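# Descriptive analysis of the structure
Next come the chains, spelled out residue by residue.
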Amino acid sequence: MMDGTEVPMAVPMAVPTAVPTGVPALATEPRFAQRLRQWLEQERLLDGRYGLQRVPGGRVAVPLLPEKLSQLCLPREVPCELLGIQDPFPSRAARRRSPAQRLREELRRLLGPSWSEELERDVPHAWQRHGDLVLLSEDSFRAEPWERLGPALWETVAKALGARRVARRGRVMPDGMRSPRVTLLLGQHGWVEHVDNGIRYTFDVTKCMFSPGNITEKLRVASLPCSGEVVVDLYAGIGYFTLPFLVHAGAAFVHACEWNSHAVEALHRSLVLNGVRDRCHIHSGDSRQLQLRDVADRVNLGLIPSSEEGWPVACRVLKKDTGGVLHIHHNVETHPATPQSAVLLAERGSPEAASPGGEAQHPTQHSGEETLGARLRPEWQSWAEGTATRIQGLLAELHGRPWRSSVLHIELVKSYAPHVHHLVLDLECRPVLPV
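Report on the accompanying structure. Treat the numbers as computed from the prediction; the structure is a model and nothing was measured.

Moving on: the pattern of salt bridges. Two side chains bearing opposite charge may form a pair once their charged atoms approach each other closely. Within this structure, the stated rule accounts for 23 salt bridges. When the shortest N-O distance is used, the salt bridge between glutamate 41 and arginine 37 registers 3.3 Å. Note that glutamate 41 and arginine 37 are positioned in helix α1 (residues 30-42) at a spacing of 4 residues, about one turn of the helix. Looking at glutamate 41, the relative accessible area reads 44%, which means it is partly exposed.

Written out as structure tokens, the structure is:
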């Protein structure tokens, strides 16, 4: 006991046939609690995931391993009652463990003697979290023994990761809409909410993709000076850029074009969630068939690997008398860099690089590639200049008069593949006024 009196632990305690629901625990008087915990730990009966906690009647509950109940032996001198705790407190040790460690411990407990190094390699180290749903990678839990566990596996995964729903993604479908192959493993639906930069995105993970790798570009779009402007977003998706234009950049109105019906539904919900539904019109269908003309101060072409098919549409929707700015996304292949092949943006006259507040992006690099920082590759400059020339020609042909196009900025979004980079060209396009 706490006063130093020895407590004989030798008399078997009869375990009820119907064990209470929840985490099994022994409730005892506070003065016995620590000694009882120490003994249970020594006998490997203690459930270390949970701490001691007070229960009605002024008693303290000590958690037990459910599978060890049949081995429980207690003294007559210690008054105990078996009960179930519905919302147990995690122990200090459990709070210090990483989610990945908790997951492995729970799975070892579930599999018991069947646990092996091969199965451990099949357990994910990382996952995406969207609210109460965790999205596992496609190579998670593919070994045959996992399949035999059925729903118990996904309930264990959810419990270990503090989630209520579990899904697993597959390869993206080659259907032109980048539709995900996602299987919902636990839960009734795939609708989730994701918050970026104060913007609430909602979507169904089983029907729409979310691209966390574009966060730097979403932040940049949010900082653009779009007050009073009309924007056309040709590839809106679930609103990756439509929402930053409306919520933070101050656009007066956005025409959002999207041909995936599931993304259209998600975008509609997100517009309502963020209170900007009245400032956006969704054009459902193929943006190449868009009937808008002469309305936009700014056009976003957020499609990779290339947005080239949207260039003629972008030229048509630009205001014919004043022009505007195009944000053109593209994947550009580059050669391995050498010190001579990289030129600082400031040396090319970029105001962004020359100013102290310039945005020097440091994206995640593929193995073997050097840090790019704010360096502009010759291939990027060549692509930008070639794109500017072609857009200028499209505009002149469309309107029957000369236009000028100026490269304002080249933004590195991320490394897409080895020596392939996702870039955005900010291109200013203006009609040449008669002298």
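What follows concerns helix α6 (residues 151-161). The complete set of buried residues in α6 reads Leu153, Trp154, Thr156, Val157, Ala158, Ala160 and Leu161. Buried-residue contacts for α6 involve α3 (99-111), β5 (128-130), β6 (133-136), α5 (144-149), β7 (165-169) and β8 (182-186). Directly after α6, the chain includes glycine 162, whose backbone phi takes a positive value near 65°.

This brings us to the packing of aromatic side chains. Using the criterion set out here, one finds 3 aromatic pairs in the structure. With a centroid separation of 6.3 Å and 75° between ring planes, the pair formed by tryptophan 115 and tryptophan 146 is classed as edge-to-face. Here tryptophan 115 is found in the loop between α3 and α4 (117-121), whereas its partner tryptophan 146 is found in helix α5, with 31 residues between them in sequence. Both residues of the pair, tryptophan 115 and tryptophan 146, belong to the buried class. Between phenylalanine 141 and tryptophan 146, the ring centres sit 4.9 Å apart and the planes meet at 85°, which makes this aromatic pair edge-to-face. Since its relative accessible area comes to 1%, tryptophan 146 is described here as buried. Clustering of aromatic rings is evident, with ring pairs tying together Trp115, Phe141, Trp146 and Trp154. Note that lysine 218 overlies the ring of tyrosine 201, its terminal NZ or CZ placed 5.2 Å from the centroid. Over the ring of tryptophan 191 we find arginine 269; its NZ or CZ atom is 3.7 Å from the centre of that ring.

Our focus in this paragraph is the sheet that holds strand β15 (residues 324-333). Pairing within the open sheet is mixed, and its 7 strands lie in the order β13-β12-β11-β14-β15-β19-β18. What marks the edges here is a single partner per strand, and that holds for β13 (280-284) and β18 (403-417). The mean inter-strand angle of the sheet, taken between neighbouring strand axes irrespective of direction, is 20°. Across 10 bridges, β15 lies against strand β19 (residues 420-431) in antiparallel orientation. What sits directly across from valine 325, in β19, is glutamate 428. Of the strands in this sheet, β12 (253-258) and β13 are in contact with helix α9 (residues 261-273), which crosses β13 at around 175°. In the packing of helix α12 (residues 378-399) onto the sheet, the strands contacted are β15, β18 and β19, and the crossing angle to β18 comes to about 135°.

With that out of the way, let us pick up the sheet that holds strand β2 (residues 53-55). Ordered by their spatial adjacency, 4 strands build an open sheet running β2-β3-β1-β4, and the pairing between neighbours is antiparallel. Here the strands that pair on one side only, and so sit at the sheet edges, are β2 and β4 (81-85). In this sheet, adjacent strand axes meet at a mean angle of 45° when their direction is disregarded. In this structure, strand β1 (residues 23-28) lies alongside β4, joined through 5 bridges in antiparallel fashion. Of the residues in β4, the one forming a bridge with leucine 26 is leucine 82.

This paragraph deals with the pairing of β13. Here β12 pairs with β13 via 5 bridges, running parallel. Its bridge partner being in β13, glutamate 258 is matched across the sheet by serine 284. In this region the chain leaves β12, passes through α9 and returns to the parallel neighbour β13; the handedness of that crossover is right-handed.

What follows deals with the pairing of β15. When you tally the buried positions in β15, you get 9 out of 10 residues, the bulk of the element. Note that strand β14 (residues 298-301) and β15 share 4 bridges and pair parallel. Pairing of leucine 301 across the sheet is with isoleucine 328, part of β15. Considered for its hand, the β-α-β crossover made up of β14, helix α10 (residues 311-317) and β15 is right-handed.

Definitions and cut-offs
- Residues numbered from 1 in each chain as written.
- Predicted model: local features only at pLDDT ≥ 70, side-chain atom pairs only at ≥ 80, totals over all residues.
- Heavy atoms only, no water.
- Salt bridge = Lys/Arg side-chain N within 4 Å of Asp/Glu carboxyl O.
- Helix = DSSP H or I, 4+ residues; strand = E, 2+ residues; numbered from the N terminus.
- Buried < 20%, exposed > 50% of the residue type's maximum accessible area, 1.4 Å probe, protein only.
- Contact = heavy atoms within 4.5 Å.
- Phe/Tyr/Trp six-rings, centres within 6.5 Å; stacked < 30°, edge-to-face > 60°.
- Lys NZ or Arg CZ within 6 Å of the ring centre and 35° of its normal.
- Pairing = 2+ DSSP bridges.
- Axes fitted to C-alpha atoms, helices over the stretch in contact; angles between N-to-C directions.
- Right-handed = clockwise from strand over helix to strand, strands pointing away.

Keep in mind these values describe shape, not function.
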